[in-house]
Amino acid sequence: MSAEAADREAATSSRPCTPPQTCWFEFLLEESLLEKHLRKPCPDPAPVQLIVQFLEQASKPSVNEQNQVQPPPDNKRNRILKLLALKVAAYLKWDLDILEKSLSVPVLNMLLNELLCISKVPPGTKHVDMDLATLPPTTAMAILLYNRWAIRTIVQSSFPVKQAKPGPPQLSVMNQMQQEKELTENILKVLKEQAADSILVLEAALKLNKDLYVHTMRTLDLLAMEPGMVNGETESSTAGLKVRTEEMQCQEVIQIFIEDNLTLSLPVQFRQSVLRELFQKAQQGNEALDEICFKVCACNTVRDILEGRTISVQFNQLFLRPNKEKIDFLLEVCSRSINLEKASESLKGNMAAFLKNVCLGLDDLQYVFMISSHELFITLLKDEEQKLLVDQMRKRSPRVNLCIKPVTSFYDIPASASVNIGQLEHQLILSVDPWRIRQILIELHGMTSDRQFWTVSNKWEVPSVYSGVILGIKDNLTRDLVYILMAKGLHCSTVKDFSHAKQLFAACLELVTEFSPKLRQVMLNEMLLLDIHTHEAGTGQAGERPPSDLISRVRGYLEMRLPDIPLRQVIAEECVAFMLNWRENEYLTLQVPAFLLQSNPYVKLGQLLAATCKELPGPKESRRTAKDLWEVVVQICSVSSQHKRGNDGRVSLIKQRESTLGIMYRSELLSFIKKLREPLVLTIILSLFVKLHNVREDIVNDITAEHISIWPSSIPNLQSVDFEAVAITVKELVRYTLSINPNNHSWLIIQADIYFATNQYSAALHYYLQAGAVCSDFFNKAVPPDVYTDQVIKRMIKCCSLLNCHTQVAILCQFLREIDYKTAFKSLQEQNSHDAMDSYYDYIWDVTILEYLTYLHHKRGETDKRQIAIKAIGQTELNASNPEEVLQLAAQRRKKKFLQAMAKLYF
């Protein structure tokens, strides 16, 4: 038996059996059962669940003898069910925070409407038209409660809500969800229409100078008595739970104080004076203000600790007797008072220290669990701090169990502690500590034996190639633990939380080593992939070579020949990409075993790429592997065709886009390439695809690339190649390579050529200019002639011409090795130029072009422009008798200024 199974058995044997859940109809049979049930420490069903059950049963439609659906009957059974729902809400003291968290809008709307009905609010009467001062106190309070909920619901509905990931589609569940959504929208529509009236009602309540009363379980029982038996107590001013005017007015205050903890706009002295005033009234005998005093004090305390002040004496006094409600409220204030994304480290440190001190001050481990399982606590406290806190808790409290292995959390609690399954499942979802996960699972399996806890979160995903082996583990606890550790480890790796991923994988490896050699090898493979990712995301980005043992492990994986081991394709991809990225070409070309080349397509592809890179400096005739690589890629990009006879007897050709003729699919090739980072390898791949793109018959504008001459110049069967897919792949590859290095001038020229070929001339100019800028210090140096070739300049000229920027065309004609006067003169004759025209004359250094401009403006009678051209000619540095060096310097200066001006225009 595994250690986990033994722990689970021990936990189960020491835990008493869970009593059966009380059914809703039992409360109809025994009048006193509800109060007994609600007074239990952990009632099951919980109070809010009972409200839902009672109202669901009371609102069920009936069916008559003609099988027609009728509204719910107004009979004694349904009236009692509604009353029971109201009594549960009264037991919760009509706390909207509790009710809103657990009840849907339609259910809470039904509950409060029943309260209005039983409180004698006339149906159909507008609340704003009723004088609260003259109404019975329970009636006025019911109206205030309803309108307060209405405004809160309207505000809450305006916030975006993250949709839960849907499970397997079930028609009945989907229909029910859709009905509830439509019902909620209809209720919200009505509430929004009445919002102005609700605000007026609440504002009127602030002017009341008398105390109000809210229904209790006792007053609701009195109201339900048969006519004639009521003694009038419910109509009097002393019936129900008293709500003092001050308490009611202090409710819009707590909300303001919580919001101010973020904005810090209210003076601290003002907040303290409000608390002092409340304390004074509470000490005068107003016990109803005790809860308000604690809430205001909690808000002020959180403000104090965020700003580095000490905890007040008042807070310590009010927190001497903590309870669930106080801790819930304190955690809510803490969560809403700090924006974790924007908060400084000192602010986070202050909050973490406060939560830690609160834990140390608590004796009840159930309350410690409430704080330590909260998301804010887990986010703020580092693992080391949590471990230190555990040690302090253990020294102080002998009640904490010690388990077989050290537990780095508070969740090593006694089996008898009052913690429900939902809380533990929530913590299981949040935790990334392997021993904490283990202990929670032991607790859960001790509570129930018929649950599969690996299904708790639909975000826990394990590759299908592994899931069959893991779910075949017979011991339930071990199966859950292995699945969850692996799923969480994979998720942490995906989000680049490599330290936690390593802890989770290491724990999983230790566990499976005891019973499954197959899963042990699986975990070793996953840890290899994790180490690759860790290096690539860390020191590898700075160019530091990986350690030799990592390279050896990668080789070992590629050469592994173990039967029946589930293998993920992505690991083979990453291993080959890793070898290419770190230029392990010697291994890939000479040392890789022959069987791998036959069995692993990624190794075959890696070998061809490595060999092609090695052969580049040699003569063209020796580049045999380049031809082999070309043929492999052409095969991948080919379409498989088959003939099909139609109904009319004609034979048509059907093409299959993803061909199975190659060693892998095109999508798999693209996925593999996007794992590469080595510049030469990426350049070779780009060059190959560019050449493949160019060999099609209908191509008008070739795309240029480095090393394009090493590839064959033609394909025997052009019809077999999916050139549309090739064009898409070229665009994808350029986008990817530029994300790796946006300053590679060769890749920038390819991107510019793609835009040029697709008639996107402004974008093409952007990338042509960017290619020149990155290799000339933003044109402060001369652009190398192998970057701005005549072909590139001619394409820039054409772009400017088609954008009607004719003066730019004339200037660019000077950049050619032999100035193209014909194109320059023709462009200058255009009169609808969309560029700066004569403002560009300072960038012209060729005197012939300037003389032509002088003639052209004289002929047109454009005196001002002619004078600008004459001034440009008259510059001494353009004098033809100057030495060649002076003329070259003058030309270079004008090139620089012109290209910088163009860059500002097109960047």
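Here's what I pulled together on the structure shown here. Remember, it's a predicted structure, so these values are computed and weren't measured experimentally. (Residues numbered from 1 in each chain as written. Predicted model: local features only at pLDDT ≥ 70, side-chain atom pairs only at ≥ 80, totals over all residues. Heavy atoms only, no water.)

## Here's the deal with the environment of Ala353
Stage number 1. Summarising the element assignment, Ala353 is placed in helix H18 (residues 345-360).
Stage number 2. Using a relative accessible area of 32% as the deciding quantity, one classes Ala353 as partly exposed.
Stage number 3. Sequence separation of Ala353 and Glu385 is 32 residues, and the distance between their C-alpha atoms is 9.8 Å. (Helix = DSSP H or I, 4+ residues; strand = E, 2+ residues; numbered from the N terminus. Buried < 20%, exposed > 50% of the residue type's maximum accessible area, 1.4 Å probe, protein only.)

## Things to note about the packing of aromatic side chains
Stage number 1. Throughout the structure, instances matching the rule amount to 18 aromatic pairs.
Stage number 2. An aromatic cluster is defined as three or more aromatic residues linked by ring pairs; in this entry it consists of Phe815, Tyr840, Tyr843, Trp845 and Phe898.
Stage number 3. The lysine or arginine in question, Arg271, covers the ring of Phe257, its NZ or CZ lying 4.6 Å from the ring centre.
Stage number 4. Lys326 extends its terminal NZ or CZ atom over the ring of Phe294, reaching a point 5.1 Å from the ring centre. (Phe/Tyr/Trp six-rings, centres within 6.5 Å; stacked < 30°, edge-to-face > 60°. Lys NZ or Arg CZ within 6 Å of the ring centre and 35° of its normal.)

## Notes on the pattern of salt bridges
Stage number 1. Here the structure, examined in full by the defined rule, presents 28 salt bridges.
Stage number 2. With its nearest N and O atoms 3.6 Å apart, the salt bridge here joins Asp531 to Lys502. Placement of Asp531 in helix H27 (residues 517-537) and of Lys502 in helix H26 (residues 498-513) is noted, with a sequence separation of 29 residues between them.
Stage number 3. By relative accessible area, Lys502 is classed as partly exposed at 45%.
Stage number 4. Taking the shortest distance from any N to any O, the salt bridge between Arg735 and Glu732 comes out at 2.8 Å. Highlighted residues: Arg735 and Glu732, both in helix H36 (residues 723-740), separated by three residues, approximately one helical turn.
Stage number 5. Overlapping salt bridges bring together Asp260, Arg271, Arg303, Asp304, Glu307 and Arg309 as one network. (Salt bridge = Lys/Arg side-chain N within 4 Å of Asp/Glu carboxyl O.)

## As for the nonpolar core
Stage number 1. Counting 162 residues, the largest nonpolar core has Phe689 and Tyr788 as the members making the most contacts within it.
Stage number 2. It is helix H25 (residues 476-494) that contributes the most residues to this core, 10 residues altogether.
Stage number 3. The contacts of Phe689, once residues within four sequence positions are left out, are Val633, Cys637, Leu669, Ile673, Val726, Thr729, Val730 and Leu733.
Stage number 4. Core analysis: the next-biggest nonpolar cluster, separate from the first, contains 56 residues, Leu34, Leu103, Leu202 and Val214 among them. (Core = buried A, V, L, I, M, F, W, Y, C linked by side-chain atoms within 4.5 Å. Contact = heavy atoms within 4.5 Å.)

## Observations regarding the packing of helix H34 (residues 666-673) against H36
Stage number 1. With their axes 11 Å apart at the nearest point, H34 and H36 run at an angle of 15° to one another. Comparing their axes, H36 and H34 come out roughly parallel. By crossing handedness, the relation of H34 to H36 is classed as right-handed. Residues Arg666, Leu670 and Ile673 of H34 form the contact with H36, whose own contacting residues are Ala725, Thr729, Glu732, Leu733 and Tyr736.
Stage number 2. Class assignment for the residues of the contact of H34 with H36 results in five nonpolar, one polar and two charged. (Axes fitted to C-alpha atoms, helices over the stretch in contact; angles between N-to-C directions. Parallel < 35°, antiparallel > 145°, perpendicular 65-115°, else oblique. Left-handed = near helix turned anticlockwise from the far one by under 90°. Nonpolar A, V, L, I, M, F, W, Y, C, P; charged D, E, K, R; others polar.)

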